[in-house]
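# A look at the structure
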Amino acid sequence: MDSEAIWFNPQKMHPKVEALVYWRDPKKSGIVFGGIMVVLLSLSFFSFISVVANLSLLALTAAFGFRIYKTVQQAIQKTSDGHPFKEILELDLTLPAEKVRSTSDLAVTHINAVVSELRRLFLVEDFIDSVKFGVGLWMLTYVGSWFNGMTLIILGVVALFTLPKVYETNKAQIDQNIELVAGKVNEITAKVRAAIPIGKKAEEKKEQ
């Protein structure tokens, strides 16, 4: 089993995302990770509107300060460098129509696949798969009682910026353990399928 294809596959990521989560440039990754964590931790203590308003006010104040500083500097040095944010102001921020359409098509494809899979699981097309799904939902009830949504998002971000790098560093040992666990799970699943007639019927239908 190729566990990297299942868990962490940097080739399938956008190059910029891959560089961030694998800490190719520690300075950039640290800034992005720190910024996201500040926003999420702020949202866990304050309302969304308050966080957005305060961060926007902070950014505006910084822009004002930098603009005034550069204007005074240009006046003293008698230079004509122009607006300090000229390059950013001239950036084209319009969304390409083709890019929007392709993204929408991709989103619709994924949504349809998820809906189809949920229908299959909820209507017990395959007994074993639905049992696994039920166990997962049951575990989520406990996760929900231990953590709220924002805590889970924070843990998810921390995992995104730590697990890929940990896996890359300790790939051999982790692969060995994943293969061992997966082998045991597949062995137990095969025994359950063989013992349950419903599981056999669902499997036969798939083969047909």
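Residues numbered from 1 in each chain as written. Predicted model: local features only at pLDDT ≥ 70, side-chain atom pairs only at ≥ 80, totals over all residues. Heavy atoms only, no water.

Turning to the overall build of the protein chain, a few remarks are in order. A tally of regular secondary structure across the protein chain gives 11 helices and 0 strands. Here the C-alpha radius of gyration of the protein chain, 25 Å, is well above what a compact globule of 208 residues would show, namely 17 Å. Its C-alpha atoms put the protein chain at 85 × 40 × 35 Å along the principal axes. Taking all 208 residues of the protein chain together, the buried fraction comes to 15%. Pairs at least 24 residues apart make up 54% of the contacts formed inside the protein chain by residues separated by at least 6 positions. In the form shown here, the protein chain has an accessible surface area of approximately 16,100 Å², with 68% of it arising from carbon and sulfur atoms. Looking at the protein chain, you have 23 positive and 21 negative side-chain charges, and the mean spots of the two groups are 4 Å apart. (Helix = DSSP H or I, 4+ residues; strand = E, 2+ residues; numbered from the N terminus. Rg over C-alpha atoms; globule rule 2.2 N^0.38 Å. Buried < 20%, exposed > 50% of the residue type's maximum accessible area, 1.4 Å probe, protein only. Contact = heavy atoms within 4.5 Å. Areas by Shrake-Rupley, 256 points an atom, 1.4 Å probe, with all protein chains shown as cover. Lys, Arg positive; Asp, Glu negative; His and termini not counted. Charge placed at Lys NZ, Arg CZ, Asp CG, Glu CD.)

Tallied over the full model, the rule gives 6 salt bridges. Among the ionic pairs, Glu168 bridges to Arg24, the shortest N-O distance being 3.0 Å. Highlighted residues: Glu168 in helix α9 (residues 163-169) and Arg24 in the loop between α2 (15-21) and α3 (26-45), separated in sequence by 144 residues. Note on Glu168: relative accessible area 33%, which makes it partly exposed. A relative accessible area of 41% means that Arg24 is categorised as partly exposed. (Salt bridge = Lys/Arg side-chain N within 4 Å of Asp/Glu carboxyl O.)

Let us now look at the packing of α3 against helix α8 (residues 149-160). Viewed as axis vectors pointing N to C, α3 and α8 meet at an angle of 170 degrees, and their least axial separation amounts to 10 Å. One element, α3, and the other, α8, form an angle in the roughly antiparallel class. Across the interface between the two elements, Phe33, Ile36, Met37, Leu40, Leu41, Leu43 and Ser44 from α3 touch Met150, Ile153, Ile154, Val157 and Val158 from α8. Across the contact of α3 with α8, the residue classes break down as 11 nonpolar, 1 polar and no charged. (Axes fitted to C-alpha atoms, helices over the stretch in contact; angles between N-to-C directions. Parallel < 35°, antiparallel > 145°, perpendicular 65-115°, else oblique. Nonpolar A, V, L, I, M, F, W, Y, C, P; charged D, E, K, R; others polar.)

With that out of the way, let us pick up unusual backbone geometry. With phi around 55 degrees, Trp23 is a residue other than glycine that occupies positive phi space. Relative to the assigned elements, Trp23 resides in the loop between α2 and α3. Despite not being glycine, Val124 shows a phi value in the positive range, around 55 degrees. In this structure Val124 comes out as partly exposed when scored by relative accessible area, which is 43%.

A few words now on the environment of Val52. Looking at the element boundaries, Val52 is found in helix α4 (residues 48-77). When its relative accessible area of 37% is taken as the criterion, Val52 is described as partly exposed.

This part covers the UniProt feature "transmembrane region" (unreviewed entry) in the protein chain. The sites that UniProt annotates as "transmembrane region" (unreviewed entry) are residues 31-60 and 146-163. Across residues 31-60, helical content stands at 93% and strand content at 0%; the span's end C-alpha atoms are separated by 19 Å. As annotated, residues 146-163 has a helix share of 78% and a strand share of 0%, and its two end C-alpha atoms lie 22 Å apart. (UniProt positions renumbered as here; feature names shortened; annotations may be inferred.)

Take Gln74: it is sitting in helix α4. Apart from the residues lying within four places of it in its own chain, the contact partners of Gln74 are Thr79, Asp81 and Gly82.

Once that is clear, we can look at the packing of aromatic side chains. Applying the stated criterion to the full structure yields 7 aromatic pairs. Between Phe33 and Phe161 the ring centres are 5.1 Å apart and the planes differ by 40 degrees, which places this aromatic pair in the tilted class. Of this pair, Phe33 sits in helix α3 while Phe161 is found in the loop between α8 and α9, placing the two residues 128 residues apart along the sequence. For the pair Phe66 and Phe85, a centre-to-centre distance of 5.5 Å together with 45 degrees between the ring planes defines the contact as tilted. Placement of the pair is Phe66 in helix α4 and Phe85 in the loop between α4 and α5 (86-89), with a sequence separation of 19 residues. Taking the relative accessible area as the measure of exposure, Phe66 reaches 36% and is therefore partly exposed. Three or more aromatic residues joined by ring pairs make a cluster, and in this case those are Trp23, Phe33 and Phe161. (Phe/Tyr/Trp six-rings, centres within 6.5 Å; stacked < 30°, edge-to-face > 60°.)

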